[in-house]
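Per-entry structural report
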Amino acid sequence: MIFYDYYINYVAPLVVVIAGSKSDIDFVTKINKELTSVGIVYRNYFHSAHKETYKVMDIVKKYNNRIAPTIIVTVAGCSNALGGVVAANIKKPVINCPYYKDSLDMYMNLNSSIMMPSGVPVSLVIRPDNLASFIRNIFQV
């Protein structure tokens, strides 16, 4: 068990999923299922960039200097500050994967997830299955 914990915490490629709200749990579960299907280890957090900025920054600090391959996935919609706040403060790739209810909501969330200021690099993948495939290709697992 000690070796497994060491491997997961310090060696394994890791996806850190940060969702803006517990109400995103169903969508995060879909992401988790897809990551598991391609053998990728993940950790979930639920904190709003608007309402819990310090908690989000604590997560950024925790993973910013992790040596093993690490990708951050943010799940937020409407006015997606989460992806931007994380991307502006971490030296890891950030992928926005916004939850949406319908096509109109999807278009609004797409815009808020890709319209970032200069120096705030994020990518956008809207389907959990494509997200897992994209990350698998990056990690080459």
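Note that residues are indexed from 1 along each chain, following the sequence as it is written. Residue-level local features of this predicted model are given only where pLDDT is at least 70; pairs of side-chain atoms are given and counted only at 80 or more, and the full residue set underlies all totals for whole chains, interfaces and linings. Heavy atoms throughout the structure, all of them, feed into the side-chain values; hydrogens and water do not.

**Some words on the side chain of T70**
In plain terms, the rule: The way it works is that DSSP assigns letters per residue, a run of H or I at least four long becomes a helix, a run of E at least two long becomes a strand, and they are numbered from the N terminus. Burial classes follow relative accessibility: with a 1.4 Å probe on protein chains only, a residue under 20% of its type's maximum area counts as buried, one over 50% as exposed, and anything between as partly exposed. Counting of polar contacts relies on pairs of N or O atoms within 3.5 Å, with two restrictions inside protein: one atom must be capable of donating a hydrogen and the other of accepting it, and residues adjacent in sequence are counted only when both atoms are side-chain atoms. Residue contacts are defined here by distance: any two heavy atoms, one from each residue, within 4.5 Å place the two residues in contact.
Position of T70 among the secondary structure elements: in strand β3 (residues 70-75). Of the residues examined, T70 reaches a relative accessible area of 4% and is grouped as buried. In this structure the side chain of T70 is engaged in a polar contact, spanning 3.0 Å, whose partner is the side chain of R66. Looking at T70, its side chain comes within polar contact range of the main-chain oxygen of A68, at 2.8 Å. Those residues in contact with T70 that lie beyond four places of it in its chain are L14, V16, K92, P93 and F139.

**A word on the confidence of the model for the protein chain**
Threshold: Here pLDDT means the predictor's own confidence in every residue, given as a number from 0 to 100.
Counting all residues, the mean pLDDT for the protein chain is 92, and 100% of those residues have values of 70 or more. Mean pLDDT across the elements of the protein chain ranges from a minimum in helix α5 (residues 103-114), with 80, to a maximum in strand β1 (residues 14-19), with 98.

**Thoughts on the pattern of salt bridges**
If charged atoms from side chains of opposite charge come close, those side chains can pair. Stated formally: Any carboxyl oxygen of Asp or Glu that lies within 4 Å of a side-chain nitrogen of Lys or Arg is treated as forming a salt bridge with it.
In the structure shown here, the tally under the stated rule is 2 salt bridges. For K55, the salt bridge identified is with E52, shortest N-O distance 3.7 Å. Using a relative accessible area of 26% as the deciding quantity, one classes E52 as partly exposed. Between R127 and D129 there is a salt bridge, with its nearest N and O atoms 2.5 Å apart. Judged by relative accessible area, R127 falls into the partly exposed class, the value being 42%. The exposure class of D129 is partly exposed, given its relative accessible area of 26%.

**Details of the sheet that holds strand β2 (residues 41-46)**
Where we set the bar: The pairing criterion is simple: DSSP has to find at least two bridges between the two strands.
Pairing within the open sheet is parallel, and its 5 strands lie in the order β2-β1-β3-β4-β5. The sheet terminates laterally at β2 and β5 (123-124), the two strands that pair on one side only. The pairing of strand β4 (residues 94-96) with β5 spans 2 bridges and is parallel. Its bridge partner being in β5, N96 is matched across the sheet by L124.

**Considering helix α6 (residues 128-139)**
Residues that lie three or four places apart on an α-helix share one face, since the helix turns once every 3.6 residues. Quick reminder of the rule: Given a helix with a known number of residues, its expected span is that number minus one, times 1.5 Å. What the arc measures is the spread of directions leading from the helix axis to the C-beta atoms.
The end-to-end C-alpha distance of α6, which contains 12 residues, comes to 16 Å, matching closely the 16 Å that a straight helix rising 1.5 Å per residue would cover. The set of residues buried in α6 consists of P128, L131, A132, I135 and F139. Projection of α6 onto a plane perpendicular to its axis shows the buried side chains occupying an angular sector of 95°, all on one side. On its buried side, α6 packs onto β1, α2 (25-37), β3 and β4. With its phi angle positive at about 55°, Q140 sits one or two positions after the end of α6.

**A word on the nonpolar core**
Inclusion rule: Think of a nonpolar core as a cluster: buried Ala, Val, Leu, Ile, Met, Phe, Trp, Tyr and Cys residues, connected wherever their side-chain atoms sit within 4.5 Å.
Residues V73 and I135 are the most contacted members of the largest nonpolar core, which totals 19 residues. Residue assignment for this core shows that the elements contributing at least two residues are β1, α2, β3 and α6. Apart from the residues within four sequence positions on either side, I135 is in contact with V15, L35, I40, I71, V73 and I95. The next biggest cluster of nonpolar side chains, apart from the first, holds 18 residues, and it includes L14, V60, Y63 and A87.

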